[in-house]
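# Examination of the molecular architecture
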Amino acid sequence: MTENIMATHNVSHQSIAKRAHRFWVFVVDLLIPFIFVAISYPLGIVSGDMEIVNFFSGILIISYIFLQIVLLVKRSQTFGKMFFNIYIARFGKNERCGFWRISLLRQMLGGTLVIGMIPLIGIFFQPVYSLIDHLFIFNEKKRTLHDLIGGTAVYNLPEKHHAKKFFDFTYIPKDLH
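These numbers were taken from a predicted model, which means no experiment stands behind them. (Residues numbered from 1 in each chain as written. Predicted model: local features only at pLDDT ≥ 70, side-chain atom pairs only at ≥ 80, totals over all residues. Heavy atoms only, no water.)

So, on to the overall build of the chain. When helices and strands are tallied, the chain shows 8 helices and 2 strands. Each helix (α) and strand (β) of the chain, taken in turn from the N terminus, gives the series α-α-α-α-β-α-α-α-α-β. Buried residues in the chain amount to 35% of all 177 residues. Taking the contacts inside the chain whose residues are at least 6 apart along the sequence as the reference set, 63% of them involve residues at least 24 apart. (Helix = DSSP H or I, 4+ residues; strand = E, 2+ residues; numbered from the N terminus. Buried < 20%, exposed > 50% of the residue type's maximum accessible area, 1.4 Å probe, protein only. Contact = heavy atoms within 4.5 Å.)

Quick look at the structure:
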């Protein structure tokens, strides 16, 4: 079935990432900031000053977001995607996405950021939209709603482009031919 999809979209050289990998990437990418907070919380208890916790957690989370942006720009990956050797690419093309396609189309418009900012409606509709978005992964092409809106898909990364170390910020070529 997947071979038919790939053949009709001229991406026979790429394979769509497994649903399970995408789920675990989601978990990893959410757990990292949680771990940062969990590490900094004992500092507040020991020092008796919770402002230290807020400050230290904020610095760690801002640093994490910055590093995620760098990875998205250079590799079309997050930490979780790098760990599972998958990346975001334009659907039907053998090229990784640029930052604007990932951040504006895929995350802001396709994700829940814009919906969540709508007063009154956002607070009720955002959880429903998020659920629908993620349930779309069970379609034949394994693409979420934010993938469809962004014109992207998540593919397995060719082995020659796998990260050489955990903090590998080397560029993945835009065109993977």
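Right, let's get into the side chain of lysine 81. Along the polypeptide, lysine 81 turns up in helix α4 (residues 79-83). Setting aside anything within four residues of it in sequence, one finds lysine 81 in contact with Val25, Ser76, Ile86, Ile88 and Val154.

Before going further, it helps to spend a moment on helix α3 (residues 50-75). Taking 1.5 Å of rise per residue, the 26 residues of α3 would be expected to cover 38 Å, and the 37 Å separating its terminal C-alpha atoms lies within 8% of that figure. Downstream of α3 by a residue or two, serine 76 has a phi angle that is positive, lying close to 55°. (Expected span 1.5 Å × (residues − 1).)

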